[in-house]
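This is what each chain is made of:
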Amino acid sequence: MIDFLVIGGGIAGTSVGARLSHLGHVVVLERETALAYHASGRSAAMFEESYGAPSTIALNKASRDYHFEANGGVTSPRGLMLIGTADSTQAFQTDLVDMQLQQIGVDDARAMIPILNNSVTQIGYSAGAWDLDTDLLVQNFAREVRGNGGMVRTSAEVTAVARTATGWDVTLGEEVLSARNLVNAAGAWVDVIAQKAGIAPLGVTPLRRSMARIPAPGGHDVSSWPMLFGPGENWYAKPDAGALIVSPADEVLMPPMDAWADDMMLAEGLARYEAHVTEPVTQMLSNWAGLRTFAPDRNLVLGPDARDASFIWMAGQGGYGFQTAPAASQLVADLLAGNTPQIAAEMVAKLVPHRFA
């Protein structure tokens, strides 16, 4: 019998599968033909310790060493720049403090980003932000599962889940897998899986985030540019393989699905970006969207269900999945093994499913 059957092959499922593979036999199931197809494959892929709610920041800090050191590390320097105008002073000052940024002069900012226009009057900056090699991170975790005798299966859609006297029977077409513990890491589908299993859903909200990829503005080499944010995170832009990705930072409620970008929302995001730069957007190379799934209180949901300890949540990543994955997955393993968590008890209390009981 499988000890831990993990449903979901994104960063949540592969990371928790890797941690649990040290406690027993693990099988990770991914419905699509490849790992990290949905939200995990559409991430802006950043690590910035002070980004998120307090419980998320605690997980970020506890994940830092793994990101920089494990398997040779998965980080590369990027930096983060907050761009404000005279009309956004209050939101700018709030973000400056919350994100622990240093205010710098506009001329210094233009030395890094030469296309900033004259409407830009205030700049916050931190060098303490890094790109994450998300594909490498997922594959490192999947390799750890396999290295400990587990399995990672793609094209494995769960059609039914049934509670048994010894655990769970999970149906994949005509095949049935039996497991002592079921780990729900299904991203936007976590409540769907819970309902199949007869477990009370969390009431998660999958919210669409749209992205446009545009050519490097003005033919500039953007490889060393920091990630750019508007105050209140109402848009952002980030270098991507010689181009820029630009997002309106939208949060539109959607059902669990293979999401696509909305043309009007993309146009709004590009307009917000263009309002701060000298180079107009004349071409869009591609676009896409992903679903960022939040629990009602916007904290991650990690650990055994309050009513059935054999049903384990790894859910509600809400766009912070990659940067929190090392510590979030370790917390789940520590809770199941009875080990002392790496993060403070008051933060654990904000993350465990028992808070909804």
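In this convention, every chain numbers its residues from 1, walking through the sequence in written order. Only residues with pLDDT of at least 70 are given local features in this predicted model, and only at 80 or more are side-chain atom pairs given and counted; all residues enter the totals for whole chains, interfaces and linings. Heavy atoms from the whole structure form the basis of all side-chain values; hydrogens and water molecules are not counted.

In the annotation of an unreviewed UniProt entry, the protein chain is listed under the name FAD dependent oxidoreductase and assigned to Octadecabacter arcticus 238.

J.: An account of unusual backbone geometry is needed here, citing residue identities and associated values.
T.: Positive phi outside glycine occurs at Gln100, with the angle close to 55°. Only DSSP runs of H or I reaching four residues or more are called helices, and only runs of E reaching two or more are called strands; each is numbered from the N terminus. For Gln100, the position within the fold is in the loop between α3 (89-98) and β6 (102-104). Look at Ala249: it is not a glycine, yet its phi comes out positive at around 55°. Mapping Ala249 onto the fold places it in the loop between β16 (243-247) and β17 (252-253). According to the relative accessible area criterion, Ala249 is buried, its value standing at 12%. Between buried and exposed lies partly exposed: a residue is buried under 20% and exposed over 50% of the maximum accessible area for its type, with that area taken using a 1.4 Å probe on protein chains only.

J.: Explain the packing of aromatic side chains to me, and be specific about the residues and the numbers.
T.: Each aromatic ring pair is summarised here by two numbers: the centre-to-centre distance and the angle between the ring planes. Working definition: rings of Phe, Tyr and Trp (its six-membered ring) pair if their centres are within 6.5 Å, and the pair is stacked with planes under 30 degrees apart, edge-to-face with planes over 60 apart, and tilted otherwise. Here the structure, examined in full by the defined rule, presents 10 aromatic pairs. Geometrically, the ring pair formed by Tyr66 and Phe141 is stacked, given 5.2 Å between the ring centres and 10° between the ring planes. Taken as a pair, Tyr66 in helix α2 (residues 54-69) and Phe141 in helix α5 (residues 134-147) lie far apart in primary sequence, 75 residues in all. Phe141 shares its class with Tyr66; the two are buried. An aromatic cluster of three or more residues is present, and its members are Tyr51, Phe229, Tyr236 and Tyr320. Cation placement over rings: the criterion is NZ of Lys or CZ of Arg within 6 Å of the ring centroid and within 35° of the ring normal. Its end group placed over the ring of Trp168, Arg163 keeps NZ or CZ at 5.0 Å from the ring centre.

J.: Which residues make up the nonpolar core, and what are the values?
T.: Here, the term nonpolar core denotes a set of buried Ala, Val, Leu, Ile, Met, Phe, Trp, Tyr and Cys residues that are joined through side-chain atoms within 4.5 Å. The biggest cluster of nonpolar side chains holds 60 residues, and the ones touching the most others in it are Leu5, Leu29, Met81, Ile123, Leu182, Tyr273 and Trp313. For this core, the element with the highest residue contribution is helix α6 (residues 190-197), accounting for four residues. Looking at which domains feed residues into this core, each of domain 1 (2-71 + 133-204 + 295-356) and domain 2 (80-126 + 207-289) supplies at least three. Whether two residues are in contact is decided by their heavy atoms, any of which lying within 4.5 Å being enough. Filtering out sequence-adjacent residues up to four positions away, Tyr273 remains in contact with Ile115, Ile214, Pro217, Trp235, Ala237, Leu244, Val246 and Val281. Within the second largest apolar cluster, 42 residues are counted, among which are Leu35, Ala185, Leu302 and Phe322. Segment limits for the domains were obtained from an automatic or database-derived domain assignment.

J.: I'd like to hear about the packing of α2 against helix α8 (residues 321-337), residue by residue, with values.
T.: Each pair of packed helices can be described by the angle between their axes along with the distance between the axes. Only C-alpha atoms enter the line fits that serve as axes; for helices the fit covers just the stretch in contact. Angles between N-to-C directions range over 0 to 180 degrees. At a minimum axis separation of 7 Å, α2 and α8 run at an interaxial angle of 85°. The pairing of α2 with α8 is recorded here as roughly perpendicular in orientation. Every residue of α8 that contacts α2 at Thr56, Leu59, Asn60, Ala62, Ser63, Tyr66 and His67 is listed here: Phe322, Gln323, Thr324, Ala325, Pro326, Ala327 and Ala328. In this count, Pro and Cys sit with the nonpolar residues alongside Ala, Val, Leu, Ile, Met, Phe, Trp and Tyr, while Asp, Glu, Lys and Arg are called charged and the others, Gly among them, polar. Its residues assigned to classes, the contact of α2 with α8 shows eight nonpolar, six polar and no charged. Angle categories are assigned with fixed cut-offs, so that under 35 degrees is roughly parallel, over 145 is roughly antiparallel, 65 to 115 is roughly perpendicular, and the rest are oblique.

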